[in-house]
Each structure stands twice: as C-alpha cells, then as structure tokens.
Amino acid sequence: MRRATLAGALLVGKGLDAVSTVVVLRLSDSVRESVPLSRALMAWLGPVQGMAVLTAVTMVAVGLLAESGVLIDRFVDGETPDWYVPGLRATVYLGCATWFGLIGLWNFSHLL
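Reading the values: the criteria
- Residue positions are given per chain, counting from 1 as you read along its sequence in written order.
- With the structure being a predicted model, the display of local features is reserved for residues of pLDDT at least 70 and the display and counting of side-chain atom pairs for 80 or more, all residues being used for whole-chain, interface and lining totals.
- Excluding hydrogens and water, the side-chain values take into account all heavy atoms of the structure.
- A run of H or I in DSSP becomes a helix once it reaches four residues, and a run of E becomes a strand once it reaches two; helices and strands are each numbered from the N terminus.
- Classification of residues uses two cut-offs on accessible area relative to the type maximum, computed with a 1.4 Å probe and protein chains only: under 20% is buried, over 50% is exposed, and between them is partly exposed.
- In this analysis, two residues are considered to be in contact whenever any of their non-hydrogen atoms come within 4.5 Å of each other.
- Calculation of accessible area relied on Shrake-Rupley with a 1.4 Å probe; when residues are assessed, cover is drawn exclusively from the protein chains displayed.
- How far a helix is expected to stretch is found by multiplying one less than its residue total by 1.5 Å.
- Axis definition: a line fitted to C-alpha atoms, over the contacting stretch in the case of helices. Angles run 0 to 180 degrees between N-to-C directions.
- Roughly parallel refers to an angle under 35 degrees, roughly antiparallel to one over 145, roughly perpendicular to one between 65 and 115, and oblique to any angle outside these ranges.
- By definition, any crossing whose near helix is turned counterclockwise from its far helix by less than a right angle is left-handed, and any crossing with a clockwise turn is right-handed.

Q: What is the right way to read the overall build of the protein chain from this model?
A: Helices and strands together make up the secondary structure of the protein chain, namely four helices and zero strands. The order of α-helices and β-strands along the protein chain, N terminus first, is α-α-α-α. Summarising its shape, the C-alpha atoms of the protein chain cover approximately 55 × 30 × 20 Å along the three principal directions. Here the protein chain holds 112 residues, and 33% of them are scored as buried. Expressed as a percentage of contacts within the protein chain between residues at least 6 apart in sequence, the contacts between residues at least 24 apart total 65%. Element-wise, carbon and sulfur atoms account for 69% of the exposed surface of the protein chain, whose accessible area totals about 7,100 Å².

Here you go:
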C-alpha cells in the first residue's frame, strides 16, 4: 500500500477518535477524558484545538514508528526480508488506525 493511503487511514481513525472525544465531552457531564496528555492539551488550548494538536502529534509519532523499518533495514545492511519494511509500515499504520477508530466508536457509545 502507498504511504499516503496508510496515512489517510490513520487520519480517518484518529479523526473519529478526536471528534468523538470532543462531542462526548460536550454532551455528557458524566464522562471525562482519561488520557493525561489529551486533558492537558484540551485544558490549555480548548477542546477542538487541543485534539487537533494531539492528532498532529499522533500522526508524526505513528509515522516515525511505521518508517522505523527503513532504519532497521539500513542498520542490518539490507538483511531483512523483502516484505519486512512494507509489512511493518502497513501493520503500524493500519493497526493504529483500527485502534483509534474503535476508540472513537466506543466514545460515541457513551451517548446511547
């Protein structure tokens, strides 16, 4: 898969998480954000801007982790299997996209 497609999947998953977090926190007083970094950013910048910054940080962090396979391949002088670098990239991006998407759905379930 292309990097742009994988990054797009991650953005959709993290976007669902971010939107659901802001919506649920605005509509329900019985729910609070459990992640300290999210709480700090939202307290400092406001809910929407805080989640936007967190989304950008997440995209960079996951991208660096996904691309770390290239560094590993270079470190071992290309001795990794041919599937290793693209496989790691796809696994990290799609795994994180799925995780964030599921968290977003879970957040929305609090409104039911």
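Q: Any chance you could explain the environment of Leu88 here in plain terms?
A: Along the chain, the position of Leu88 falls in helix H4 (residues 84-109). Assessed through its relative accessible area of 23%, Leu88 is described here as partly exposed. Expressed as a C-alpha distance, the spacing of Leu88 and Leu64, which sit 24 residues apart in the sequence, is 12 Å. If we ignore the near neighbours within four places in the chain, the residues touching Leu88 are Leu65, Ala66, Ser68 and Gly69.

Q: How should H4 be read in this particular structure?
A: Every α-helix carries 3.6 residues per turn, so stepping three or four residues along brings you back to the same face. Taking 1.5 Å of rise per residue, 26 residues should cover 38 Å, and H4 covers 37 Å from first to last C-alpha, within 8% of that figure. The set of residues buried in H4 consists of Val85, Arg89, Ala90, Val92, Tyr93, Ala97, Phe100, Gly101, Gly104 and Asn107. Its buried side turned inward, H4 meets helix H1 (3-27) and helix H3 (47-75).

Q: Can you walk me through the packing of helix H2 (residues 36-45) against H3 in this structure?
A: Each pair of packed helices can be described by the angle between their axes along with the distance between the axes. Their axes nearest at 7 Å, the elements H2 and H3 cross at an angle of 130°. On the basis of the axis angle, H2 is oblique to H3. Classified by chirality, the crossing of H3 by H2 is right-handed. Listed contacts from H3 to Leu37, Ser38, Leu41, Met42 and Leu45 of H2 are Pro47, Gln49, Gly50, Met51, Val53 and Leu54.

Q: Sorry if this is basic, but what is going on with the packing of H1 against H3 here?
A: It is the contact of H1 with H3, at a shortest axis distance of 10 Å, that shows an interaxial angle of 150°. Here H1 lies roughly antiparallel to H3, going by the angle between them. Note that H1 runs across H3; the crossing there is right-handed. Mapping the contact onto sequence places Arg3, Ala7, Leu10, Leu11, Lys14, Ala18, Thr21, Val22 and Arg26 in H1 and Pro47, Val48, Met51, Leu54, Thr55, Thr58, Met59, Val62 and Glu67 in H3.

Q: I'm lost on unusual backbone geometry in this one. Help?
A: What is expected of a backbone is that most residues other than glycine have negative phi and most peptide bonds are trans. Residues other than glycine seldom take positive phi values, yet Asp77 does so here, at roughly 55°. By secondary structure assignment, the location of Asp77 is in the loop between H3 and H4.

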